[in-house]
Amino acid sequence: PTPTPARRPHRPLPPGLLRRDQAARFCAVGLSTWDRLTAAGKTPAPVRLGGSLCWSRAELAAWCRHGCPPRDEWQPLW
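The structure reproduced in this document is the subject of the present report. (Residues numbered from 1 in each chain as written. Predicted model: local features only at pLDDT ≥ 70, side-chain atom pairs only at ≥ 80, totals over all residues. Heavy atoms only, no water.)

Description of unusual backbone geometry
Here is step 1 of the chain: A positive phi angle, near 60 degrees, is found at A28, a position not held by glycine.
Here is step 2 of the chain: Positive phi is not limited to glycine here, since C68 has a value of about 60 degrees.
Here is step 3 of the chain: Structurally, C68 can be placed in the loop between α3 (57-65) and α4 (71-77).
Here is step 4 of the chain: Since its relative accessible area comes to 37%, C68 is described here as partly exposed. (Helix = DSSP H or I, 4+ residues; strand = E, 2+ residues; numbered from the N terminus. Buried < 20%, exposed > 50% of the residue type's maximum accessible area, 1.4 Å probe, protein only.)

As structure tokens, this is what we get:
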């Protein structure tokens, strides 16, 4: 049997940044739904930090307060 590679533990993120599973949970959607929304450009643009995609907690909160507009409408507002 081939051993599976060990997963590296997540490093702590700077305050206010959420990984994709945390961002999905923050916005009350499932992870696969979050991935589809992100791929379709319907979420705020993520920030690439190392090999991870992260979202700003403050931006997601403001985005939700504004009714979750698509990314191209959201960018000028943010």
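Once you've had a look at it, read on.
Brief notes about the pairing of strand β3 (residues 52-56)
Here is step 1 of the chain: Where strand β1 (residues 17-19) meets β3, 3 bridges bridge the pair, whose relative direction is antiparallel. Opposite L17, over in β3, you have S56 as the bridge partner.
Here is step 2 of the chain: Two elements, strand β2 (residues 47-49) and β3, share 3 bridges in a ladder whose sense is antiparallel. Looking across to β3, one finds that R48 is bridged to L53.
Here is step 3 of the chain: Counting the residues in the hairpin turn of β2 and β3 gives 2 residues, including G50, whose phi is positive at 65 degrees. (Pairing = 2+ DSSP bridges.)

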